Amino acid sequence: MATSTTVPAVELNHVTKNYGSVQAVKDVSLKVEPGEVVAFLGPNGAGKSTSIALMLGMRRATSGSVTLFGENPRLANHRKRIGVMLQESGVPETLKVRELVELFGRFHDNPMLTQEAIKMAGLTEKTNTRLGRLSGGQKQRVYFALALVGNPDMLFLDEPTTGLDVEARRSFWDQINLQIKRGKTIILTTHNLEEADALARRIVVINKGQIIADGTPDEIKGHVGGKHVRFRATDRTVEELNELTGVQFVQRIDNKFEIYTKQPEAVLAPLFKGEVELSDLEVIGAGLEEAFLALTDNDKHTA
Ligand code: ADP
Ligand code: MG
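This structure is a prediction, so every number in the text was calculated from the model and none was measured.

Asks: Sorry, what's going on with the overall build of the chain here?
Replies: If you tally the helices and strands in the chain, you get 10 helices and 13 strands. In the chain, buried positions account for 46% of the 303 residues. Within the chain, contacts between residues separated by at least 24 positions form 67% of all contacts whose residues are at least 6 apart in sequence. Looking at the chain as shown, the accessible area adds up to about 15200 Å², and 48% of this sits on carbon and sulfur atoms.

Asks: What is the right way to read unusual backbone geometry from this model?
Replies: At histidine 14, a position not held by glycine, the phi torsion is positive, near 50°. Within the secondary structure, histidine 14 sits in strand E1 (residues 10-19). At aspartate 280, a residue that is not glycine, the phi angle is positive and equals roughly 50°. Mapped onto the fold, aspartate 280 is located in strand E13 (residues 278-285). What makes aspartate 280 partly exposed here is its relative accessible area of 40%.

Asks: I'm lost on the pairing of strand E2 (residues 22-32) in this one. Help?
Replies: As a general feature of sheets, a regular strand has side chains that alternate between the two faces. Sheet topology places E1 next to E2; seven bridges connect them, and they run antiparallel. Note that in E2 the partner of asparagine 18 across the bridge is glutamine 23.

Asks: What is the right way to look at the coordination of the magnesium ion (ligand 2) in this model?
Replies: Around a metal, the perfect tetrahedron of four donors has angles of 109.5 degrees, and the perfect octahedron of six donors has angles of 90 or 180 degrees. Protein coordination at the magnesium ion (ligand 2) comes from Ser49 (OG) and Gln87 (OE1), with a distance range of 2.1 to 2.2 Å. Residue serine 49 is found in helix H1 (residues 48-55), and its partner glutamine 87 is found in the loop between strand E5 (82-85) and helix H2 (97-105); the two are separated by 38 residues along the sequence. Of the residues examined, serine 49 reaches a relative accessible area of 30% and is grouped as partly exposed.

Asks: Looking at this structure, I do not really get the site of ligand 1. What am I missing?
Replies: In the region of ligand 1, the neighbouring residues are Tyr19, Val22, Ala24, Pro43, Asn44, Gly45, Ala46, Gly47, Lys48, Ser49, Thr50 and Arg59. Glycine 45 is positioned with one of its backbone polar atoms (N or O) 2.7 Å from an oxygen atom of ligand 1. A distance of 2.9 Å separates an oxygen atom of ligand 1 from a polar backbone atom of glycine 47. Burial of ligand 1 by the protein amounts to 62% of the accessible area it has alone, namely 560 Å². Contributions of two or more residues to the shell around ligand 1 are made by E2 and H1. For the shell around ligand 1, the element with the highest residue contribution is H1, accounting for three residues.

Asks: What am I meant to see in the sheet that holds strand E8 (residues 202-207) here?
Replies: Think of a sheet as strands paired side by side through backbone hydrogen bonds, with each pair either parallel or antiparallel. Taking strand neighbours across the sheet as the criterion, the six strands line up as E5-E6-E7-E3-E8-E9 in an open arrangement whose pairing is mixed. The outermost strands of the open sheet, each flanked by one partner alone, are E5 and strand E9 (210-215). Taken over all neighbouring pairs, the strand axes of this sheet differ in orientation by 15° on average, direction set aside. Note that E8 and E9 share five bridges and pair antiparallel. In the strand pairing of E9, asparagine 207 is matched with glutamine 210.

Asks: Just checking my understanding: could you explain the packing of helix H4 (residues 136-148) against helix H5 (residues 166-181) for this structure?
Replies: Helices that pack against each other are described as a pair by the angle of their axes relative to one another and the distance between those axes. Across the interface, H4 lies against H5 with an axial gap of 12 Å and an inter-helix angle of 5°. In terms of orientation, H4 lies roughly parallel with respect to H5. The residues of H5 that touch H4, namely those facing Gln140, Arg141, Phe144 and Leu148, are Ala168, Ser171, Phe172, Gln175, Ile176 and Gln179. Of the residues assigned to the contact of H4 with H5, the class counts are five nonpolar, four polar and one charged.

Asks: What exactly am I supposed to notice about the packing of aromatic side chains here?
Replies: One pair of aromatic rings is described through two measures. These are the centre distance and the angle between the planes. This structure, assessed with the given rule, holds three aromatic pairs. Plain terms: the ring middles of phenylalanine 104 and phenylalanine 107 are 6.0 Å apart, the flat faces sit at 85° to each other, and that makes the pair edge-to-face. Of the residues examined, phenylalanine 107 reaches a relative accessible area of 59% and is grouped as exposed. Ring geometry for phenylalanine 144 against phenylalanine 172: centres 5.0 Å apart, planes inclined by 50°, an arrangement best described as tilted. Linking phenylalanine 144 in helix H4 with phenylalanine 172 in helix H5, this pair joins segments that are 28 residues apart in sequence. Pair check on accessibility: phenylalanine 144 and phenylalanine 172 agree, each one buried. Positioned over the ring face of phenylalanine 69 is arginine 81, at 3.7 Å from the centre of the ring.

Asks: Sorry if this is basic, but what is going on with the sheet that holds E1 here?
Replies: Taken in spatial order, the three strands of this open sheet run E2-E1-E4, and their pairing is antiparallel. On the outer flanks of this sheet lie E2 and strand E4 (63-68), each paired with one strand and no other. This sheet shows a mean twist of 25° between the axes of neighbouring strands, independent of strand direction. Where H1 meets the sheet, it contacts E1, E2 and E4, and its direction lies at approximately 120° from that of E1.

Asks: Teacher, can you tell me more about H4 here?
Replies: For an α-helix the count is 3.6 residues per turn, leaving residues at separations of three or four pointing the same way. In this model, H4 (13 residues) spans 19 Å end to end at C-alpha, consistent with the 18 Å of a helix rising 1.5 Å per residue. Counting buried residues in H4 gives 10 out of 13 residues, a clear majority hidden from the surface. Lys139, Gln140, Arg141, Val142, Tyr143, Phe144, Ala145, Leu146, Ala147 and Leu148 are the residues of H4 that are buried. Buried residues in H4 make contact with E5, H2, helix H3 (114-120), strand E6 (154-158) and H5.

Here is what the cut-offs are and how they apply
Residues numbered from 1 in each chain as written. Chains lettered and ligands numbered in written order. Predicted model: local features only at pLDDT ≥ 70, side-chain atom pairs only at ≥ 80, totals over all residues. Heavy atoms only, no water. Helix = DSSP H or I, 4+ residues; strand = E, 2+ residues; numbered from the N terminus. Buried < 20%, exposed > 50% of the residue type's maximum accessible area, 1.4 Å probe, protein only. Contact = heavy atoms within 4.5 Å. Areas by Shrake-Rupley, 256 points an atom, 1.4 Å probe, with all protein chains shown as cover. Pairing = 2+ DSSP bridges. Donors = N, O, S within 2.8 Å, 3.2 Å for Na, K, Ca; no water. Near = heavy atom within 4 Å. Polar contact = N/O pair within 3.5 Å; in protein donor to acceptor, adjacent residues only side chain to side chain. Axes fitted to C-alpha atoms, helices over the stretch in contact; angles between N-to-C directions. Parallel < 35°, antiparallel > 145°, perpendicular 65-115°, else oblique. Nonpolar A, V, L, I, M, F, W, Y, C, P; charged D, E, K, R; others polar. Phe/Tyr/Trp six-rings, centres within 6.5 Å; stacked < 30°, edge-to-face > 60°. Lys NZ or Arg CZ within 6 Å of the ring centre and 35° of its normal. Expected span 1.5 Å × (residues − 1).

This is the structure in structure tokens:
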């Protein structure tokens, strides 16, 4: 254990993965340190599951190198340290929840009590129910219990809440947050911005196989330029406002101006000093959703 803090949990070094002519992952480099909680955020087909499969040694990189705990991900002894929840996990429908979780626990040296894993996944009431009788959301909880039962240091959760309704998603977040509090290293994927924001301190935005942003939720939001300043001003023109320091973009919407800027204070200062009468002033933060859309719409972003 002493050495695990000095070695990245996962490291990808110029990794590319092609499926025939499809470039699923393109020259991705990334380090995840022990204790980090990282969300891979990207639309369908972005390369999230492929990235996870590479980290787990389930797929081989076409080029570049991948390590898990500083070693080849294919080494069998890593499996004891990781818990994995993948998008498609075929499980026998006739087994009961308890039986399946117990079975998985046996693959590990130091499993937690079956009932504890079931409880952590929020499934206590379904302990003796057969898999075939569970809803999709409940099955996802079973997969989560299977990821937890081995007492792993690190969790890989591939779209853990996709398909869940809002309430089920939020309660799942509570369970994941509990694991975060326990200090687990977590890599999860999602196409849900709110989810990335709610769970992770680091968001890696991936689109078309490439990392287009990597930072805290606030940094990701900042990528798009930060703020909108909106106001009414009768005797100004778009051209005039465009000349002001710090202005990225000006548009006129109905009878209001809207300025896009990273420095709202700098933009507003000369306006306040002038003779102009401003009214209905609003300064609005650009949301994560907006940042994400701007990033994924725009291929020229590279960092
Ligand atoms: P995500 O998980 O972000 O939705 P994936 O990693 O599953 O994305 O897929 C990335 C790209 O690779 C997509 O274009 C997908 O169609 C393609 N792809 C994934 N798996 C395979 C495969 N086994 N064979 C061929 N193409 C694949
Ligand atoms: Mg996927």
